[in-house]
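Commentary on secondary and tertiary structure
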Amino acid sequence: ANPKHFYQAYTHTLYRVDQLYRLFHEAADAATGANMDILKPLQPIVEDCYGNWFIHSLAMHWGSLAEQLIQDRWQLDDIPSQQHFFKRLVQPLLDSERERRVFVIVSDAFRFEAAQELTDILNSTYRVTAELLSQLGVVPSHTALGMAALLPHKRMDYSDNGTLLVDGQSSAGLEQRNKILASVEGIAVKVDDFMAMKKEESRALIRPHRVVVLYHNRIDAVGDHQASDENAFIPLLTTITELAALVSRTRA
């Protein structure tokens, strides 16, 4: 009936269609790899149902509601916005205890349904308490703005030449993000670099910092160089495994 209703419908139930579509293809790929064609006749039916019915219907309905959301300055009552992430979730943890260190893991193109699966894995396997929350993304929906919105800031602007500025500074690249994070005693690190370090090295790196932002880009990186849709879900499976291991590593 309205943008908020649509948003909640997706985060409560509709995401399961995306998830089950992925799980079906994972099973179909596994069957094909074992020289079994038992799911092959079902694949075109699933593709037609998902692509021509679900995604098409979802996009068409969301398109009309998005116009209403734009008129409302891209805000939903009682739904947090992405640009308030640091102030809403990270800063209160820092304020609660001087010796507290907060890790923020940013995984590009990691879908909500995959996050739900990761939450279940963390709660059942890694002896942590994981909670899945959502927030309304920023527009325009491109990586540079989305990444910048997660950083500590008071305002974001575009310069005359189109450069995105966070409190007057460029946020492009780790070096620039480190300058922005310095205001909260933070550091930005690529996940691959962090995981390649020995435990003593990683501990020495993070010791002076209260906020550690780890950037993970497995899904987009593979998608940018993948010639076809074959094995399209492998990067996502790998990402779920890597992120679970990364959470465990940050607790070591």
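Use the structure listed above.
Notes on the structure follow. As the structure is a prediction and not an experimental result, all values here were calculated from the model.

To continue, consider the pattern of salt bridges. Following the criterion strictly, the structure yields 10 salt bridges and no others. Here Arg22 and Glu117 are joined by a salt bridge, their closest N and O atoms 2.6 Å apart. Of the two residues, Arg22 sits in helix 1 (residues 3–33) while Glu117 sits in helix 4 (residues 112–125), which places them 95 residues apart along the sequence. Side by side, Arg22 and Glu117 carry an identical accessibility label, which is buried.

Next up on the list: helix 6 (residues 174–181). Residues Arg177, Ile180 and Leu181 constitute the buried set of helix 6. Within helix 6, the buried residues cover an arc of 95 degrees as seen down the axis, which keeps them to one side. In this fold, the buried residues of helix 6 make contact with helix 5 (143–149), strand 3 (164–166), strand 4 (169–170), strand 5 (186–190) and strand 6 (211–216).

All right, on to the sheet that holds strand 3 then. Hydrogen bonds along the backbone pair up the strands of a sheet, which may run parallel or antiparallel. The strand order across the open sheet formed by three strands is 2-3-4, and the pairing between neighbours is antiparallel. Strands at the two margins of the open sheet, each flanked by one partner only, are strand 2 (156–158) and strand 4. Pairing of strand 3 with strand 4 involves two bridges; the strand directions are antiparallel. The residue bridging Val166 from the neighbouring strand is Gln169, located in strand 4.

This next bit is on the packing of aromatic side chains. Evaluated as defined, the whole model comprises eight aromatic pairs. Grouping aromatic residues by their ring pairs yields a cluster made of Tyr21, Tyr50, Trp53, Phe54 and Phe233. Seen from the ring of Tyr215, Arg177 lies directly overhead, with NZ or CZ sitting 4.6 Å from the centre.

Taken in spatial order, the three strands line up as 1-6-5 in an open sheet, and their pairing is parallel. The open sheet terminates on both sides in strands that have one partner only, identified here as strand 1 (102–107) and strand 5. Averaged over neighbouring strand pairs, the angle between their axes works out to 20 degrees when direction is ignored. Against the sheet, helix 3 (residues 85–96) contacts strand 1 and strand 6, and its axis sits at roughly 155 degrees relative to strand 1. Its contacts with the sheet place helix 10 (residues 234–250) against strand 1 and strand 6, and it is angled at close to 170 degrees to strand 1.

Taking 1.5 Å of rise per residue, the 31 residues of helix 1 would be expected to cover 45 Å, and the 42 Å separating its terminal C-alpha atoms lies within 8% of that figure. Of all the bends in helix 1, the greatest measures close to 55 degrees and is centred on Thr11. Near the N-terminus of helix 1, the side chain that reaches the backbone nitrogen of Lys4, with its oxygen 3.2 Å away, is that of Asn2. Positive backbone phi, approximately 60 degrees, marks Asn35, located one or two places after helix 1.

The next subject is the nonpolar core. Membership of the largest hydrophobic core comes to 23 residues, with the highest contact counts inside it found for Phe86, Val90, Val104, Val106, Val211, Val213 and Tyr215. Elements with a minimum of two residues in this core: helix 3, strand 1, helix 5, strand 3, helix 6 and strand 6. When residues no more than four places from it in sequence are discounted, the contact partners of Val213 are Val104, Val106, Leu181, Ile187, Ala188 and Val189. Grouped together as the second largest cluster of nonpolar side chains are 20 residues, Leu122, Ile187, Val212 and Ile240 included.

Let us now look at a positive patch on the surface. Positive charge collects at one region of the surface, where Arg101, Lys199, Arg203 and Arg207 lie side by side. Considering the arrangement of structural elements, one finds Lys199 in helix 8 (residues 199–206).

Assignment of secondary structure puts Arg177 in helix 6. Despite being buried, Arg177 has no salt bridge partner; Asp108 is the closest side chain of opposite charge, sitting 8.3 Å away. In this structure the side chain of Arg177 is engaged in a polar contact, spanning 3.0 Å, whose partner is the backbone oxygen of Ser171. Beyond its immediate sequence surroundings of up to four residues, Arg177 is in contact with Met147, Leu151, Ser171, Ala188 and Tyr215.

Cut-off values and rules
Residues numbered from 1 in each chain as written. Predicted model: local features only at pLDDT ≥ 70, side-chain atom pairs only at ≥ 80, totals over all residues. Heavy atoms only, no water. Salt bridge = Lys/Arg side-chain N within 4 Å of Asp/Glu carboxyl O. Helix = DSSP H or I, 4+ residues; strand = E, 2+ residues; numbered from the N terminus. Buried < 20%, exposed > 50% of the residue type's maximum accessible area, 1.4 Å probe, protein only. Arc of directions from axis to C-beta. Contact = heavy atoms within 4.5 Å. Pairing = 2+ DSSP bridges. Phe/Tyr/Trp six-rings, centres within 6.5 Å; stacked < 30°, edge-to-face > 60°. Lys NZ or Arg CZ within 6 Å of the ring centre and 35° of its normal. Axes fitted to C-alpha atoms, helices over the stretch in contact; angles between N-to-C directions. Expected span 1.5 Å × (residues − 1). Bend = angle between axes of the 7 residues up to and from the residue. Polar contact = N/O pair within 3.5 Å; in protein donor to acceptor, adjacent residues only side chain to side chain. Core = buried A, V, L, I, M, F, W, Y, C linked by side-chain atoms within 4.5 Å. Patch = residues over 30% accessible without salt bridge, like charges linked within 9 Å, V, L, I, M, F, W, Y side chains within 5 Å. Areas by Shrake-Rupley, 256 points an atom, 1.4 Å probe, with all protein chains shown as cover. Lys, Arg positive; Asp, Glu negative; His and termini not counted. Charge placed at Lys NZ, Arg CZ, Asp CG, Glu CD.

Everything listed here is a matter of geometry and, on its own, says nothing about what the molecule does.
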